[in-house]
Amino acid sequence: LTTFGWRVEVVGDAEAALARLADGPPIDLVFTDVVMPGPISGLDLARRLRTADPTRRILLTSGFSEEISRGNSPVPLEFPMLRKPYALDDLLAAVTTALASPQPRDTSQVKT
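Residues numbered from 1 in each chain as written. Predicted model: local features only at pLDDT ≥ 70, side-chain atom pairs only at ≥ 80, totals over all residues. Heavy atoms only, no water.

## A look at the overall build of the protein chain
Counting its regular elements, the protein chain contains three helices and five strands. N-terminal to C-terminal, the α/β element order of the protein chain is α-β-α-β-β-β-β-α. Classification of the 112 residues of the protein chain by burial places 30% in the buried group. The contacts of the protein chain with a sequence gap of at least 6 include a subset with a gap of at least 24, amounting to 58%. Working note: accessible area of the protein chain is about 7200 Å², and carbon and sulfur atoms make up 55% of it. (Helix = DSSP H or I, 4+ residues; strand = E, 2+ residues; numbered from the N terminus. Buried < 20%, exposed > 50% of the residue type's maximum accessible area, 1.4 Å probe, protein only. Contact = heavy atoms within 4.5 Å. Areas by Shrake-Rupley, 256 points an atom, 1.4 Å probe, with all protein chains shown as cover.)

Given below as C-alpha cells:
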C-alpha cells in the first residue's frame, strides 16, 4: 500500500490499535484481519471502534469463507469484507472503495 502512496501504520494486536487510535493523529481507514493475536478479535475491534465513532471507516479481511471469529458467527454485514486470498489489485480496489465511499453515518442522534 505504501508503494501506491498511502501511509500505513502497523500494530501488533487490537489492544495496540485501540491505544494508537486513542492517542495518535486521525486514521482514514482501519484495515484489520478478523483473526488477530490477543484477546480481542479484529471483528471485536471493529465493533468497538464503530461504537466509539460511528463514522469510522473499517475494512475487514478474513480467510474463512463462511465463518469468522472465534464464535463461528456469520460474516457481519455492517463492515466491508475482503476475502483471503486476495490479489494486489483486489486489495487496492477494496481500499480505494473504502476510502472513496461516504463515511458511515452517525445514527445515534437520529430520531425515528
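## Observations concerning the confidence of the model for the protein chain
Looking at the protein chain as a whole, its pLDDT mean stands at 84, while 79% of the residues score no less than 70. Here residues 67-71 is modelled with pLDDT under 50, and outside its nearest four sequence neighbours on either side it reaches 17 contacts, counting other chains as well. Note on residues 107-112: pLDDT under 50 across the span, and one contact to partners over four residues away in sequence or across chains. (pLDDT = per-residue confidence, 0-100.)

## Quick look at helix α3 (residues 88-100)
The terminal C-alpha atoms of α3, which comprises 13 residues, lie 18 Å apart, in line with the 18 Å expected from a rise of 1.5 Å per residue. Those residues of α3 lying buried are Leu91, Leu92, Ala94, Val95 and Ala98. Looking down the long axis of α3, one finds its buried residues gathered within 165° of arc, a one-sided arrangement. Among the exposed residues of α3, those pointing more than 90 degrees away from its buried face are Asp89, Thr97 and Ala100. Where the residues of α3 are buried, they touch β1 (30-33), β2 (58-62) and β5 (81-83). (Expected span 1.5 Å × (residues − 1). Arc of directions from axis to C-beta.)

## Some thoughts on the pattern of salt bridges
Scanning the entire structure with this criterion turns up three salt bridges. Arg20 serves as the salt-bridge partner of Glu9, at 2.7 Å between the closest nitrogen and oxygen. Note that Glu9 is positioned in the segment before α1 (14-23) and Arg20 in helix α1, a separation of 11 residues in sequence. With a relative accessible area of 39%, Glu9 lands in the partly exposed category. With a closest N to O distance of 2.2 Å, Lys84 and Asp33 form a salt bridge. Here Asp33 lies in strand β1 and Lys84 lies in the loop between β5 and α3, a separation of 51 residues in the sequence. Residue Asp33 is classed as partly exposed on the basis of its relative accessible area of 21%. One connected set of salt bridges, linked through shared partners, spans Arg7, Glu9 and Arg20. (Salt bridge = Lys/Arg side-chain N within 4 Å of Asp/Glu carboxyl O.)

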